[in-house]
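Chain and residue survey
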Amino acid sequence: MIRTSGKTAKKTVIALGYFDSVHIGHIEVIKRAKEIAKSLCARLVVFTFKGNLRAVLSGKKDREVFTYFEREKLLKQAGADKVFFAPTNSKFLSLSHTEFLRFLRSKFNVVALVSGEDYKFGFNGEGDVQKLKEYSNENGIYYEVVKTVNEDGKKVSTTSIKELLFKGEIKSANLLLNRSYFLTGKVVKDRGVGKKINCPTANIKIDENKQQLKDGVYGGKVQFKGKIYKAIINYGNRPTFDNCDRVIEAHLLDFNGNLYGKKITVFFDEFLREIEKFESIEKLEKQLKTDEEKVRNND
């Protein structure tokens, strides 16, 4: 049995889910849960998992659209008063569906539960919305199911978003995310070639746990110290300079300063073109001017 530190007395509405990409379907669940919390003068707690639940359950390598640090920020922006991260260890994942629900009630003063139509919980996903309805009725808890969100006749899912990102269809992915796909990292020193061709860049290493994008040149933005700069972003290698290392290389427009060692957030808005090997530095510079013009004109 999982031990808890004691139940809080504050009335709590819990939004149940994994919320691994905080897409438009996830946001609808949180939005409705927030409305219910306000009507009951309760706080909203979003339940999710710390770590990569898909990888743990499947035993296979899996990349995340957003890390749990990023998800916490996004979930709070969506309306959560608190985000509860459950562990992905065998002890917790072995709880039966009834043990799982008892755990929630031992941890929180639950007055309402909200989930999507396809929500599963407990060992081997044995719990479903029908079991949640039965449990809620038996224990005097309000429960509401939020309908699945569809786009172009298909269910919005993290899997479909990952496929779009991998294919470089960034605009379509962003539509389902209701935001620009982003990643955060610390700027590392490189060879300084960009500065030599009047195109200084901020380079960050690609996080191996983050969902892979299609290699290419993107238009986007970079956030640094609360300020947003439009940017040309190279995601992948740099064949013109015979560099096979895969990095994220962002050229911030209208920025002057040293970013080495600083943390930045890179947002991807549109796929501009494939990465290519240019015959000369002059041809590369000409292409970069075209890229810059496209990015500047993108609202």
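The structure we're discussing is the one just above.
Below is a short write-up of the structure. These numbers were taken from a predicted model, which means no experiment stands behind them.

The pairing of strands in a sheet happens through backbone hydrogen bonds and is either parallel or antiparallel. Taken together, the 5 strands give an open sheet; going across it, the order is S3-S2-S1-S4-S5, and neighbouring strands pair in parallel fashion. Two strands in the sheet have a free side with no partner beyond their single neighbour: strand S3 (82-86) and strand S5 (142-146). If you compare each strand with its neighbour and ignore which way they point, the axes differ by 25 degrees on average. With 5 bridges connecting them, strand S4 (residues 109-116) and S5 associate as parallel partners. Within the sheet, the bridge partner assigned to Ser115 lies in S5 and is Val145. Strands in contact with helix H3 (residues 68-78) are strand S2 (43-49) and S3; relative to S3, the strand with the most contacts, it is inclined by about 150 degrees.

This paragraph deals with the layout of surface pockets. What the largest pocket holds in volume is close to 880 Å³. If you trace the largest pocket, you find 36 residues lining it, with Gly17, Tyr18, Asp118, Tyr119 and Lys120 closest to the centre.

Our focus in this paragraph is the pattern of salt bridges. Applying the stated rule across the entire model yields 14 salt bridges. With a shortest N-O distance of 2.8 Å, Arg54 and Asp20 are connected by a salt bridge. Pair noted here: Arg54 is in helix H2 (residues 53-58) and Asp20 is in the loop between strand S1 (11-16) and helix H1 (24-39), with a separation of 34 residues, a long-range link. One network of salt bridges, in which partners are shared, links Arg32, Glu35 and Glu144.

The next thing to look at is helix H7 (residues 158-166). Taken residue by residue, H7 has Thr158, Ser160, Ile161, Lys162, Leu164 and Leu165 as its buried positions. Among the residues trailing H7, Gly168 stands out with phi positive, at a value near 80 degrees.

Membership of the largest hydrophobic core comes to 56 residues, with the highest contact counts inside it found for Val13, Tyr181, Ile264, Val266 and Phe268. Sorting elements by how many residues they give to this core places H1 first, with 7 residues. Look past the residues within four positions of Tyr181 in its chain and what remains in contact with it is Val65, Phe66, Leu165, Ile170, Asn174, Lys210, Gln211, Leu213, Val266, Phe267 and Phe268. With 26 residues, the next largest nonpolar core counts Phe47, Ala86, Phe103 and Ile141 among its residues.

Here we come to empty space enclosed by the protein. Per the stated rule, a full pass over the model turns up 2 cavities of 30 Å³ or more. Considered as a void within the structure, the largest cavity measures approximately 50 Å³ in volume. Along its surface, the largest cavity is lined by Gly219, Gly220, Lys221, Lys230, Asp269, Glu270, Val295 and Asn298. For the lining of the largest cavity, the secondary structure elements donating two or more residues are strand S10 (216-224) and strand S13 (263-273). Residue contributions to the lining of the largest cavity peak at 3 residues, all from S10. In terms of residue class, the lining of the largest cavity is made up of 1 nonpolar, 3 polar and 4 charged. Approximately 40 Å³ is the volume found for the second largest cavity.

Definitions and limits used
Every chain is numbered on its own, with residues counted from 1 as its sequence reads. Predicted model: local features are reported for residues with pLDDT of at least 70 only, side-chain atom pairs are reported and counted for 80 or more only, and whole-chain, interface and lining totals are derived from all residues. Excluding hydrogens and water, the side-chain figures rest on all heavy atoms present in the structure. One requirement defines pairing of two strands: DSSP has to find at least two bridges between them. Every helix listed is a DSSP run of H or I at least four residues long, and every strand listed is a run of E at least two residues long, numbered separately from the N terminus. Interaxial angle, 0 to 180 degrees, is taken between N-to-C directions of lines fitted to C-alpha atoms, where a helix line uses only the stretch in contact. Any two residues whose heavy atoms approach within 4.5 Å at even a single point are treated as in contact. The distinction between a cavity and a pocket rests on a 1 Å grid over the protein atoms alone: a 1.4 Å probe fits inside a cavity but cannot get out, while a pocket stays open yet meets protein on both sides within 12 Å along at least five of seven lines, and a residue with an atom within 4 Å of a point counts as lining. Grid points are joined across faces, edges and corners, and a volume is the space filled by probe spheres set on the points. By definition, a salt bridge exists where a carboxyl oxygen of Asp or Glu is found within 4 Å of a side-chain nitrogen of Lys or Arg. Remark: exposure states derive from per-residue accessible area (1.4 Å probe, protein chains only) relative to the maximum for the residue type, with buried under 20%, exposed over 50%, and partly exposed in between. Buried Ala, Val, Leu, Ile, Met, Phe, Trp, Tyr and Cys residues form a nonpolar core when they are joined through side-chain atoms within 4.5 Å. Following the grouping adopted for this structure description, the nonpolar residues are Ala, Val, Leu, Ile, Met, Phe, Trp, Tyr, Cys and Pro, the charged ones are Asp, Glu, Lys and Arg, and the polar ones are all others, Gly among them.

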